Amino acid sequence: MQSSPANNTCNYEIPPDQINERNSAIEEMRVTHPYYNPISVHTYDPYAYKFDVAKTIFFKGLHFARNGELLRGRFLICSAFVMDHKSVTYSTSPLPDDLNSDEYKQILDHGLLLKLSNHSLAPPSAYNNLCLHLMHIIRCPFLGWRESNVGKIPLLGDIGQFAAFMALKSVDSIIQWLEECPINETRDTPFVGMLKRTDFLVLRSNILTTLGNHKDAVESLNKALKIDKNHLWSRFNRARLWGLFMMKKSKKIFDEFVIVRSQIREDHIWSVDVYAWITLCIMWDPTIANQDVAKLTYEKCLAAEIRHSVLYPNKEAYDCTPLIIDTVKETMEAFLQSGSVSMVGVQQRPRLDHFDQNSDKRKQWRYLCSNCCKNDCKLFACAKCKIVSYCSKECQITDWKKHKRACLFITDGIIQE
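Computed from a prediction, not measured in an experiment: that's the story for all the values here.

Let's shift gears to the environment of glycine 160. Secondary-structure assignment places glycine 160 in helix α7 (residues 158–180). Between the C-alpha atoms of glycine 160 and leucine 211, which are 51 residues apart in sequence, the distance is 10.0 Å.

Below you can see the structure in the form of structure tokens.
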């Protein structure tokens, strides 16, 4: 019997005492940061409250760092990142002169981040090394990005690839530390107790995805789910990778998103993405559920998108895949007009072409060429690092200029200036 995602209920209920604590924290945010509009004022979604708390911690860390208290500021910024990585707002470019004081208080600029990442800021210790690792991970998503010529697949520029490899090594170091000292995952401290192998395996997966290594990215998420089968962030990201890169059939992707949907509230930041994927899977494979269910989930997707535009007007913490939203709108609108599923936009969006369930075709998206993002041919991994892949010797030679520094660092620990 086919299950309808519309019948799923959320499992989160907030006790009254936590609501009171939340309201007190929101009041503190209003007094301390009058320029920030807390998201959790408008919803009881636990994610929104967690994001607001992390954001407040980040603002405090930024304040201390800008006033010369770099160690104190670094600790708070790292704490905010560990609590919710999207709470850290960062600019790679110099801040403009006309930036008002309130905006200045909300952005970590690259110059300040370099100061916080300085090895000589504090004597070597396990704690300081941990903070440095976290700073490397924080800066990774923001350095050296450029878009490819086959859709919105990010390619890493010269600085970006080295930053990604440095972040990957830092993530692996933290995971190894937690594996060797498992008590650190349960230690009752404001900072260390929040470090979870599962979360860092998701971050590892994200880094590998930017490097075009989707197979190992999924393996990291599989490992996280073996540690904790209820780790929703891992399940959500794995389902997205399966769908984006044609790694599983529509029914399998649908089942994963239904599980995620059953565990989140309507206002959760993932709800737009979840409803969009459920709709697409049904449209692509009518044996999953009837088209009335697809219409219902599509309506929920649109409602969630409108709701998110109110909760997250500046796209803060907005963890949605624009490509998916565009595709579900085009596919559903074509269906409503013609009464049949159209291959709308498929030529422009080859990653989303689930119509051909040929396993060989799905395997193509396990890796992307690090230089040109090509995947429709046999790819060869870098013989030294075995992380990035190439479609030809020409691409490998072209990419070596930016890959050499990162490759030597990840394999031999050599940092070339």
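Next comes the rest of the description.
So, about helix α3 (residues 70–83). End to end, α3 covers 20 Å across 14 residues, agreeing with the expected 20 Å (1.5 Å per residue, within 8%). Burial of α3 is extensive: eleven of the 14 residues sit out of reach of the surface. Here α3 has its buried residues at Leu70, Gly73, Arg74, Leu76, Ile77, Cys78, Ser79, Ala80, Phe81, Val82 and Met83. Elements that come into contact with the buried residues of α3 comprise α2 (46–66), β2 (108–109), α5 (110–116), α6 (126–139) and α8 (197–210).

Moving on to unusual backbone geometry. One non-glycine residue with positive phi stands out, namely lysine 386, at about 60°. Among the secondary structure elements, lysine 386 is positioned in the loop between β5 (380–381) and β6 (389–390). Taking relative accessible area as the criterion, lysine 386 reaches 55% and is therefore assigned exposed.

Turning next to the packing of aromatic side chains. Any pair of aromatic rings gets described here by the distance separating the centres and the angle formed by the planes. Enumeration according to the criterion identifies five aromatic pairs in this entry. Every member of this aromatic cluster is reached through a ring pair, and the members are Phe236, Phe257, Trp270 and Trp277. The cationic tip of arginine 72 hangs over the ring face of phenylalanine 64; the distance from NZ or CZ to the ring centre is 3.9 Å. The ring of phenylalanine 162 has arginine 405 lying over it, and the distance from NZ or CZ to the ring centre is 3.8 Å.

A few words now on helix α10 (residues 232–244). The terminal C-alpha atoms of α10 lie 18 Å apart, and with 13 residues this matches the ideal 18 Å at 1.5 Å per residue to within 8%. Judged by how many residues are buried, α10 sits mostly within the fold: 13 of 13 residues are covered. Once α10 ends, the next one or two residues include methionine 246, with phi positive near 55°.

What follows concerns the pattern of salt bridges. Following the criterion strictly, the structure yields twelve salt bridges and no others. Two residues, arginine 240 and aspartate 273, come together in a salt bridge whose shortest N-O distance is 3.1 Å. One end of the pair, arginine 240, is in helix α10; the other, aspartate 273, is in helix α12 (residues 271–284), and 33 residues separate them in sequence. The pair formed by arginine 240 and aspartate 273 is uniform in burial state, with each residue classed as buried. Here arginine 307 ties to aspartate 267 by a salt bridge, and the two come within 3.0 Å at their closest N and O atoms.

For the rest of this paragraph, the subject is the packing of α12 against helix α13 (residues 291–311). Where α12 meets α13, the closest approach of the two axes is 8 Å, and the angle between their N-to-C directions is 160°. Between α12 and α13, the interaxial angle falls into the category roughly antiparallel. Crossing geometry of α12 relative to α13 is assigned as left-handed. Residues Ser271, Val272, Tyr275, Ala276, Ile278, Thr279, Ile282 and Met283 of α12 pack against Val293, Ala294, Thr297, Tyr298, Lys300, Cys301, Ala304, Glu305 and His308 of α13. The residue makeup of the contact of α12 with α13, split by class, is eleven nonpolar, four polar and two charged.

In this model, the chain carries a mean pLDDT of 75, and residues with pLDDT of at least 70 account for 71%. Of all helices and strands in the chain, the one with the weakest mean pLDDT is strand β3 (residues 145–147) (42), whereas helix α9 (residues 214–227) scores best (95). Between residues 1–15, whose pLDDT stays under 50, and residues either more than four places distant or in other chains, the model counts 29 contacts. When the criterion is pLDDT under 50, residues 341–360 qualifies, and its contacts beyond four places in sequence or with other chains add up to 49 contacts.

Criteria and cut-off values
Residues numbered from 1 in each chain as written. Predicted model: local features only at pLDDT ≥ 70, side-chain atom pairs only at ≥ 80, totals over all residues. Heavy atoms only, no water. Helix = DSSP H or I, 4+ residues; strand = E, 2+ residues; numbered from the N terminus. Expected span 1.5 Å × (residues − 1). Buried < 20%, exposed > 50% of the residue type's maximum accessible area, 1.4 Å probe, protein only. Contact = heavy atoms within 4.5 Å. Phe/Tyr/Trp six-rings, centres within 6.5 Å; stacked < 30°, edge-to-face > 60°. Lys NZ or Arg CZ within 6 Å of the ring centre and 35° of its normal. Salt bridge = Lys/Arg side-chain N within 4 Å of Asp/Glu carboxyl O. Axes fitted to C-alpha atoms, helices over the stretch in contact; angles between N-to-C directions. Parallel < 35°, antiparallel > 145°, perpendicular 65-115°, else oblique. Left-handed = near helix turned anticlockwise from the far one by under 90°. Nonpolar A, V, L, I, M, F, W, Y, C, P; charged D, E, K, R; others polar. pLDDT = per-residue confidence, 0-100.

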